[in-house]
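If you want the building blocks of each chain, they are given just below.
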Amino acid sequence: MKIIVVGTGFVGLPHAAVLSEYGHEVHAYDIDEARIKAYKSGERTRIERYVNEPGLAAAISENINRYLFFTTDISNVVEGLDAVFLCLNTPPNRDGSSDLSYYLNAAHHLADLLAKRQDKKRVVLVNKSTVPVGTARLLENIMREYGVENVGVAANPEFLAQGNAIEGSRRPDRIVLGADTEEDFQILRRVYSQFVNHVRIRYLETTPETAEAIKYMANTLLLTYISFWNGVGGRLAESYGNIRMEDLKIGVTSDSRISTWGSYVSNGAGGSCFGKDIQSLIYQLNQNGRSTDLLQAVYNINEYQKSYLVDRAIHEADFNFNQKTVALLGLAFKKRTNDMRDSAALKVVESLLARGVHSIRAYDPLAAEDAQTIWFNPEDNHLFGRISYHANAKEAIQGSDALFISTDWEEFRGLSRTIETTVQPPYLVIDGRRMLPDFDALVAQGYDYLPVGGVLLCGAQYQKQPANSQPSAKVVGETKPIA
Ligand SMILES: NC(=O)c1ccc[n+]([C@@H]2O[C@H](COP(=O)([O-])OP(=O)(O)OC[C@H]3O[C@@H](n4cnc5c(N)ncnc54)[C@H](O)[C@@H]3O)[C@@H](O)[C@H]2O)c1
């Protein structure tokens, strides 16, 4: 099949690479020239500067110039075309609605080119972007406006998880396709031939509107799980000293009706999708006069969670951030990505700066470069100039008064040893990801430990206990609930 993929970001690039692995002729198109130049080079470090995903650079270098072609100009590849996948960014507007400007720009450009085709072969335009219900229909109208002949529209939402994009595209849970005609479904079955009749992968053909709605339902349900655990499980374990979060998870989810996914606590879910998609769904339902109380509560819980631990440090540990130096470990919205979009670290930094910290010493294995771009503001340098970037966790911790773990990078699991050998108590460790399995030992040495989904463990208090009444650091905390 001859395919164009429009937009080569976190979704489009892995999708194009994996389609090319199946032997399709894939033209990956973007308006960002620097990005296309980097991909064309085939060099891993240059590709990963834009999209850092395990296995992605290898998949590109194996197929480039054989099945996979990168371009900033598709005017000469529209003849003989079978399908176009639209993978444009759809960020939120201020009112929560989806900003479709990137998508619409691309749609108009495509319509213009397709209208001038010599051959009139059937071509299907497939939305992979997450777009409001009704957008496939909008695309159809644009094609009609330009007089494009023999064209179909379809919705094929993307469910990949960043950090696992290549594997997720090679072996997805399901393929959801919404189209209007049997002819278009047939083209799409050929594109995805390896998944049709697959024993494990669900291949669902439905209407475009259903497919669009499935994506919003799926993402908001996932965020609802996360918010339930943060807003209920976390709050319970933060209120009573002897609740073990990990046992709570096993006990609750050992019921086949209850999802294990999302049953963890954290300092909020970030990334470019959850927050934007739930806002867009709220907007879409409001436009239709429907109630959105549940969605609004889920969104609010998740947003509050991102800076909640800073509030807890003030209220429970009596920690005054004014003029303090804080080490911030983890900037990306989750491990194994350099993506900072909607990351909890953005809210943590905002909250720390608002509380007058003297400086923030940041470290992230992949995202520091992107973070520096985001937090660089020449007009406001007195604020963002307080953030410094470091080569490793130890360097970031040096000279700090407190530490905040914001991302679940595996390397942070061994952080206790680094803390012990770098800073002395009194010292506050705020753990937004429950990353320190051996926190008892830290507390026993006098460090204060404030985990999400757990009570404050006060090192000094623990040390004052007579040795024979020290069964576990876990019971020492005292909680003062906040809002
Ligand atoms: N990131 C994810 O994990 C994920 C998962 C599922 C769905 N989605 C959805 O997929 C869509 C794309 O997300 P993303 O994370 O890949 O975005 P992205 O910002 O990483 O990539 C978008 C790309 O489109 C390019 N672009 C913009 N305008 C263009 C135009 N007119 N012509 C050609 N290229 C153009 C940009 O230069 C950029 O490279 C969004 O709707 C998103 O909600 C994302």
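Before any of the text, the structure's been laid out above.
Residues numbered from 1 in each chain as written. Predicted model: local features only at pLDDT ≥ 70, side-chain atom pairs only at ≥ 80, totals over all residues. Heavy atoms only, no water.

**Student:** Describe unusual backbone geometry, listing the residues and the values that go with them.
**Tutor:** Across the junction of Pro425 and Pro426, the peptide omega takes the value 5°, indicating a cis bond. With phi around 60°, Asn197 is a residue other than glycine that occupies positive phi space. In this fold, Asn197 is placed in the loop between helix H8 (182–191) and strand E8 (202–206). (Helix = DSSP H or I, 4+ residues; strand = E, 2+ residues; numbered from the N terminus.)

**Student:** Describe the pattern of salt bridges, naming the residues involved and giving the relevant values.
**Tutor:** Scanning the model with the defined rule gives 34 salt bridges in all. Note that Arg189 is salt-bridged to Glu205, the shortest N-O span being 2.7 Å. Linking Arg189 in helix H8 with Glu205 in strand E8, this pair joins segments that are 16 residues apart in sequence. Salt bridges sharing partners connect three or more residues here, namely Arg137, Glu140, Arg144, Asp180 and Glu209. (Salt bridge = Lys/Arg side-chain N within 4 Å of Asp/Glu carboxyl O.)

**Student:** So, the nonpolar core: which residues are in play, and what are the values?
**Tutor:** Proteins that are soluble and globular tend to have nonpolar side chains buried together. Among the nonpolar cores identified, the biggest contains 40 residues, and Ile60, Phe70 and Phe85 are the most heavily contacted of them. The biggest single contributor to this core is helix H1 (residues 12–21), with five residues. Setting aside anything within four residues of it in sequence, one finds Phe85 in contact with Ile3, Ile4, Val5, Val6, His15, Leu19, Val126, Lys128, Asn156, Val191 and Tyr192. Judged by nonpolar contacts, the second largest core, of 34 residues, contains Phe319, Ala332, Ala371 and Phe384. (Core = buried A, V, L, I, M, F, W, Y, C linked by side-chain atoms within 4.5 Å. Buried < 20%, exposed > 50% of the residue type's maximum accessible area, 1.4 Å probe, protein only. Contact = heavy atoms within 4.5 Å.)

**Student:** Mind laying out the packing of aromatic side chains, listing which residues take part and the relevant values?
**Tutor:** Counted by the stated rule, this structure contains eleven aromatic pairs. For the pair Phe85 and Tyr192, a centre-to-centre distance of 6.2 Å together with 75° between the ring planes defines the contact as edge-to-face. Here Phe85 is found in strand E4 (residues 83–86), whereas its partner Tyr192 is found in the loop between H8 and E8, with 107 residues between them in sequence. The same class applies to Phe85 as to Tyr192, namely buried. Between the aromatic rings of Tyr427 and Tyr447, the centroid separation amounts to 6.4 Å while the plane-to-plane angle is 80°, which identifies the pairing as edge-to-face. (Phe/Tyr/Trp six-rings, centres within 6.5 Å; stacked < 30°, edge-to-face > 60°.)

**Student:** Before we move on, can you summarise the site of the ligand with the specific residues and values?
**Tutor:** Close contacts around the ligand come from 27 residues, with Val11, Asp30, Thr90, Gln162 and Lys276 the closest. Asp30 is positioned such that a nitrogen or oxygen atom in its side chain is 2.6 Å from an oxygen atom of the ligand. Here an oxygen atom of the ligand and a side-chain polar atom of Arg341 are 2.9 Å apart. Here the ligand loses 92% of its free accessible area of 840 Å² to cover by the protein chains. Looking at side-chain class alone, the shell around the ligand contains eleven nonpolar, nine polar and seven charged residues. Split by domain, the shell around the ligand shows at least three residues from each of two domains, domain 1 (2–206) and domain 2 (216–299). (Near = heavy atom within 4 Å. Polar contact = N/O pair within 3.5 Å; in protein donor to acceptor, adjacent residues only side chain to side chain. Areas by Shrake-Rupley, 256 points an atom, 1.4 Å probe, with all protein chains shown as cover. Nonpolar A, V, L, I, M, F, W, Y, C, P; charged D, E, K, R; others polar. Domains from an automatic or database assignment.)

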